[in-house]
Amino acid sequence: MNFLIVILVLISFIAFRFYQKIRVPEGLKNVPTLSLLDLLIEMYNKVGPDKRWEDIREILEKEGIGRIWFNGRWILIVTDLELVKDVITRTDLYPKALLEEFFPGSLLAQYYGTNVVFSNGDDWKRHRRIANPSFRNLPIYVFVESAMKLLDVMERVDNKPIEVKSLMHGLTLDVLGKSAFGFDFNNLEEPNNVYVTTFNEVMEELGKQIYFLMSFLEYIIPRTKAIEKVEKLNNLYDRIVEKKSKSLKTGEIDKKIENNSADLLEHMIHACNDPENQTLTSEELRHNLAIFMLAGHDTTANSLTTILYLLAVHKDVQKKVRDEILHVLGDDLTPNSEQQKELKYMNMVINENLRLYPPVATLPRRFTSQEIKFRNYVIPAKTPIVLFIYGIHHSSKNWEDPEKFIPERFENEKHDHYAWLSFGGGNRLCLGINFSLIEQRIMLCAILRKYEVSLPADSIHKDKLKLAPECSGTMGPHPVPLIFKRRTE
Ligand code: HEM
């Protein structure tokens with residue numbers, strides 16, 4: 001009898017805890033529900049954010065907000081521009097969800113730690129102050145050298161379509177390795193070397209969806225192999241941080257900064273030495289390197305891939321961009337900073353590409369630090385909020401003919417400021433905007449003046465670009481083979 005009572009009490013307790021978890025908070029009861037089943041089917045079918053948008057478009061275009069029960073809590077998905085603006089600009093009310101808080105002790109949290117992307121308040125200010133000077137003094141020569149190497153590699157491919165996605169991933173990894181910490185991954189020339197494979201394996205491990213869906217799994221089955229790979233990459237970063245920290249004492253870093261050849265890490269180590277700044281530890285420097293490699297690699301690679309696809313499909317736009325390049329650059333192979341400003345049409349095409357295919361399709365999660373009133377809803381404190389950038393960019397409330405590729409819509413920037421969020425906004429605006437835009441312009445100039453780009457007749461993308469699921473916070477297409485025909489004029 002006693003045993004039965006214990007069992008009943010236990011079941012009631014579990015049922016009560018479960019009810020507490022799934023119970024909709026009073027103030028969110030009127031927020032429309034987004035189907036968890038649809039989301040699970042999307043995850044199972046490994047579809048991209050375009051399919052997700054198709055499934056939730058009706059609700060979000062009408063209400064601008066929806067709630068979904070996921071991983072044990074109610075999360076708000078937002079596209080309403082008024083709330084979007086509030087979230088972006090009021091970082092005290094909507095701090096970022098930190099990895100260690102949401103996935104305590106996880107491999108993800110250990111690898112990225114606290115860094116300029118995942119930190120809040122004074123901690124974030126400390127990281128951002130140290131990182132800022134690096135992004136004001138970019139080693140542009142690295143971009144130009146890499147563009148030349150890219151052309152060399154392309155030249156060796158004879159009359160066959162080139163798979164652009166992996167080529168661009170190779171390119172941007174090389175650019176980032178060299179500009180962030182002076183390390184040549186040499187992915188373009190040697191895609192199977194040990195550093196490239198280790199980096200790619202770590203990214204694959206950290207991007208595994210199953211651990212986002214069921215984070216508890218990580219505590220049940222130890223990820224020994226994945227941990228070994230992460231340690232290998234961390235050792236590389238640690239060795240580089242140590243070596244460069246020593247070179248500060250010999251005056252080598254000062255010299256490099258003077259002649260504008262310092263990499264991002266050297267600028268950061270230099271900034272740590274400034275008595276005006278609060279310093280970062282060697283471990284924090286390493287965490288920042290790890291996050292730069294995430295934030296700046298797939299994002300720019302996917303942008304370059306989708307823009308080459310768009311140019312291949314829209315030959316008239318391709319011609320217009322090329323004519324502009326030839327006009328502005330004359331005999332120069334790559335644009336200097338003045339010429340980059342003159343590439344007005346190319347800049348519109350880049351913006352429109354980032355609108356149609358934003359590499360960060362959902363902004364990293366925020367949560368409310370206190371109760372917030374929005375319309376007739378009351379959002380309780382600690383509610384997770386996700387801004388769905390793909391939806392904001394594809395909503396007919398914000399854009400006329402949102403699915404059409406129309407670079408001219410950026411001619412006079414008539415759109416609502418918060419309707420184009422490719423690089424985020426407010427004081428958490430992407431630190432690497434210029435890094436990425438300069439890299440994209442240099443690569444496009446180099447490629448387009450030499451090649452005419454087209455889509456093979458049998459391409460899987462001939463009707464529509466097929467998007468892959470988001471991986472480690474970035475979205476991009478499935479592999480895109482394109483034909484590059486050498487220009488004769
Ligand atoms: C097309 C390329 C890129 C896109 C679309 C992009 C997008 C974004 C977005 C949407 C954010 C805001 C995240 C948030 O508010 O939670 C962000 C932040 C950031 N990005 Fe980028 N990014 C790109 C390239 C880069 C590159 C090349 C780097 C560095 C090498 C970089 C470094 C950062 C950093 C450090 C932050 C955090 C800024 C802060 O919170 O203070 N990004 N990026």
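None of these values were measured; they are calculated from a predicted model.

### Here we look at the overall build of the protein chain
On a plain count of helices and strands, the protein chain comes out with 22 helices and 9 strands. Taking 489 residues into account, the globule formula puts the C-alpha radius of gyration at 23 Å, and the protein chain, at 24 Å, falls close to it. Reported as C-alpha extents along the three principal axes, the dimensions of the protein chain are approximately 90 × 55 × 40 Å. Split into buried and exposed, the 489 residues of the protein chain put 38% on the buried side.

### Digging into the site of the ligand
Near the ligand there are 22 residues, and of these Gly 296, Thr 299, Gly 424, Cys 430 and Gly 432 occur at the shortest range. If you tally residues by element for the shell around the ligand, the top one is helix α17 (residues 298–313), at 3 residues.

### Description of helix α20 (residues 344–356)
Because an α-helix packs 3.6 residues into every turn, residues spaced three or four apart end up facing the same way. In this model, α20 (13 residues) spans 19 Å end to end at C-alpha, consistent with the 18 Å of a helix rising 1.5 Å per residue. Turning to α20, its buried residues are Met 346, Met 348, Val 349, Ile 350, Glu 352, Asn 353, Leu 354, Arg 355 and Leu 356.

### Points about the sheet that holds strand β1 (residues 65–70)
The strand order across the open sheet built from 4 strands is β1-β2-β7-β4, with neighbouring strands paired in mixed fashion. Looking along the sheet, the strands with just one partner apiece sit at the ends: β1 and β4 (366–367). When β1 meets strand β2 (residues 73–78), the two strands line up antiparallel, connected through 6 bridges. Directly across from Gly 66, in β2, lies its bridge partner Ile 77.

### A look at the UniProt feature "binding site: heme" (unreviewed entry) in the protein chain
UniProt's feature table lists "binding site: heme" (unreviewed entry) at Cys 430, given in the numbering used throughout. Mapped onto the secondary structure, Cys 430 falls in the loop between α21 (389–393) and α22 (433–450). According to the C-beta neighbour criterion, Cys 430 is partly exposed, with 18 such atoms within 10 Å. The contacts of Cys 430, once residues within four sequence positions are left out, are Phe 423 and Gly 424.

### Points about the sheet that holds strand β9 (residues 481–486)
Taken in spatial order, the 3 strands of this open sheet run β3-β9-β8, and their pairing is antiparallel. The open sheet is flanked by β3 (162–163) and β8 (451–454), the only strands paired with a single partner. Here 4 bridges tie β8 to β9, and the two strands are oriented antiparallel to one another. Considered in β9, the bridge of Ser 454 is made with Ile 483. On top of the sheet, α17 reaches β8 and β9; it is set at about 85° to β8, its chief contact.

### Topic: the environment of Asn 115
With respect to the secondary-structure elements, Asn 115 resides in the loop between α6 (107–112) and α7 (121–136). We classify Asn 115 as buried; it has 24 C-beta atoms within 10 Å. As for Asn 115 and Asn 192, which are separated by 77 residues in sequence, their C-alpha atoms are 29 Å apart. Those residues in contact with Asn 115 that lie beyond four places of it in its chain are His 127, His 287, Asn 288 and Ile 291.

### A short note on the packing of helix α8 (residues 140–155) against helix α9 (residues 164–181)
At a minimum axis distance of 10 Å, the contact between α8 and α9 shows a crossing angle of 150°. It follows that α8 is roughly antiparallel to α9 by the angle criterion. Read as a crossing pair, α8 and α9 show a hand that is right-handed. Judged by residue contacts, Val 142, Phe 143, Ser 146 and Leu 150 of α8 engage Leu 171, Asp 174, Val 175, Lys 178 and Ser 179 from α9. Split into classes, the residues belonging to the contact of α8 with α9 amount to 5 nonpolar, 2 polar and 2 charged.

### Some details on the packing of helix α15 (residues 264–272) against helix α16 (residues 282–295)
Each pair of packed helices can be summarised by the angle the axes make with each other and by the distance between the axes. Taken N-terminus to C-terminus, the directions of α15 and α16 make an angle of 150°; their axes are 11 Å apart at the nearest point. Here α15 lies roughly antiparallel to α16, going by the angle between them. Pair α15 / α16 crosses with right-handed handedness. Across the interface between the two elements, Leu 264, Leu 265 and Met 268 of α15 pack against Leu 285, Asn 288, Leu 289 and Phe 292 of α16. Of the residues assigned to the contact of α15 with α16, the class counts are 6 nonpolar, 1 polar and no charged.

Reading the values: rules and limits
Residues numbered from 1 in each chain as written. Predicted model: local features only at pLDDT ≥ 70, side-chain atom pairs only at ≥ 80, totals over all residues. Helix = DSSP H or I, 4+ residues; strand = E, 2+ residues; numbered from the N terminus. Rg over C-alpha atoms; globule rule 2.2 N^0.38 Å. Buried ≥ 20, exposed ≤ 12 C-beta atoms within 10 Å, placed from the backbone. Near = placed C-beta within 6 Å. Expected span 1.5 Å × (residues − 1). Pairing = 2+ DSSP bridges. UniProt positions renumbered as here; feature names shortened; annotations may be inferred. Contact = placed C-beta atoms within 7 Å. Axes fitted to C-alpha atoms, helices over the stretch in contact; angles between N-to-C directions. Parallel < 35°, antiparallel > 145°, perpendicular 65-115°, else oblique. Left-handed = near helix turned anticlockwise from the far one by under 90°. Nonpolar A, V, L, I, M, F, W, Y, C, P; charged D, E, K, R; others polar.

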